[in-house]
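Chain by chain, the residues run as shown.
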Amino acid sequence: MRELRIRTLTGLFALALVLSWAGARMWDALGTLPAVPVAAPIVLALIAAVLTATALSIRSRLRAQRERRPGAKGVEPIMAARAVVFAQASALVAALAAGAYGGTGSYLLFGAMDVPARRDQAVYAGLSVLAGAAVVAAAVFLQKVCRLPEDDDNNNPPAAAAA
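Starting afresh in each chain, residues are numbered from 1 along the sequence in its written order. Local features in this predicted model are restricted to residues whose pLDDT is 70 or higher, and side-chain atom pairs enter the listing and the counts only when it is 80 or higher, whereas totals over whole chains, interfaces and linings include all residues. As a rule here, side-chain values cover all heavy atoms of the structure and leave hydrogens and water aside.

Peer 1: Is there a simple way to explain a nonpolar patch on the surface in this structure?
Peer 2: In this analysis, a patch consists of residues with relative accessible area above 30% that form no salt bridge, clustered at 9 Å for like charges and at 5 Å for the nonpolar side chains Val, Leu, Ile, Met, Phe, Trp and Tyr. Surface exposure here means Shrake-Rupley accessible area, sampled with a 1.4 Å probe, where a residue is shielded only by the protein chains that are shown. Salt bridges are identified by distance alone: a Lys or Arg side-chain nitrogen within 4 Å of an Asp or Glu carboxyl oxygen. A cluster of nonpolar side chains, Met 26, Trp 27 and Leu 30, forms an exposed patch at the surface whose accessible area comes to about 370 Å². Only runs of H or I of at least four residues qualify as helices and only runs of E of at least two qualify as strands under DSSP, and these elements are numbered from the N terminus. When you line up the elements, Leu 30 lands in helix H1 (residues 6-30).

Take a look at the structure:
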């Protein structure tokens, strides 16, 4: 499985931000701008918490197994693979969602902060961007916890091959 790169997530975030800002501008010109749900930052924060808890659990189990503690439970490879797939999918969706809410929030922030309802929408959008960043950070942490040790043969070529 290939590791998800921060560059990819940043690109998705930027693309979603620009498209969302343009879409919010267009929708507002037509008279109706969709609202940012209050639950958006809450759901993203819950996903970040689940990812962090999973990463910490797997890390402690791997450490106990590595130190050969009595009664240590190992980590099944399929469980680690599922955790990484969940982390990568969550990071991709969170980058897109954070970009979408960031574009809407930036439009609201620079466009119409005099209306209290729009001010609240800008706050919800900003909190959603922060929660999306937390999901990405937790997903990258979980991905690093589940990384297999590097093969020594690939990193340290024999002295005869280097000459």
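Peer 1: I would appreciate a short explanation of the pattern of salt bridges in the present structure.
Peer 2: Where charged atoms from two side chains of opposite charge come close, those side chains can pair. Inspection of every chain in the model, using the stated rule, returns two salt bridges. Salt-bridge contacts for Glu 3 lead to Arg 147; the nearest nitrogen and oxygen are separated by 3.2 Å. In this pair, Glu 3 is assigned in the segment before H1 and Arg 147 in the loop between helix H4 (116-145) and helix H5 (152-155), connecting sequence segments 144 residues apart. Taking the relative accessible area as the measure of exposure, Glu 3 reaches 41% and is therefore partly exposed. Across the salt bridge formed by Arg 118 and Asp 28, the nearest N and O atoms sit 2.5 Å from each other. You can see Arg 118 sitting in helix H4 and its partner Asp 28 sitting in helix H1, a full 90 residues away along the chain. Each residue is placed in one exposure class: buried if its accessible area under a 1.4 Å probe, protein chains only, is under 20% of its type's maximum, exposed if it is over 50%, and partly exposed if it falls in between.

Peer 1: Looking at this structure, I do not really get the layout of surface pockets. What am I missing?
Peer 2: If a probe as big as a water molecule is rolled over the atoms, it shows which places are left empty. Whether a set of points on the 1 Å grid over the protein atoms alone is a cavity depends on a 1.4 Å probe fitting there but being unable to get out, while an open set qualifies as a pocket with protein on both sides within 12 Å along at least five of seven lines; lining residues are those with an atom within 4 Å of a point. Grid points are joined across faces, edges and corners, and a volume is the space filled by probe spheres set on the points. The calculated volume of the largest pocket comes to roughly 640 Å³. Ala 80, Val 145, Cys 146, Arg 147 and Leu 148 are, among the 21 residues lining the largest pocket, the residues nearest its centre. Secondary structure elements with two or more residues in the lining of the largest pocket: helix H2 (39-66), helix H3 (77-111) and H4. With five residues, H3 is the largest single contributor of residues to the lining of the largest pocket. For this classification, the nonpolar set comprises Ala, Val, Leu, Ile, Met, Phe, Trp, Tyr, Cys and Pro, the charged set comprises Asp, Glu, Lys and Arg, and every other residue, Gly included, is treated as polar. Partitioning the lining of the largest pocket into residue classes produces twelve nonpolar, three polar and six charged. Here the second largest pocket is characterised by a volume of approximately 150 Å³. In terms of lining, the second largest pocket is formed by Ile 6, Leu 9, Thr 10, Phe 13, Ala 94, Ala 95, Ala 98, Val 129, Gly 132, Ala 133 and Val 136. Elements with a contribution of two residues or more to the lining of the second largest pocket: H1, H3 and H4.

Such coordinate-based values are descriptive only and should not be taken to indicate function.
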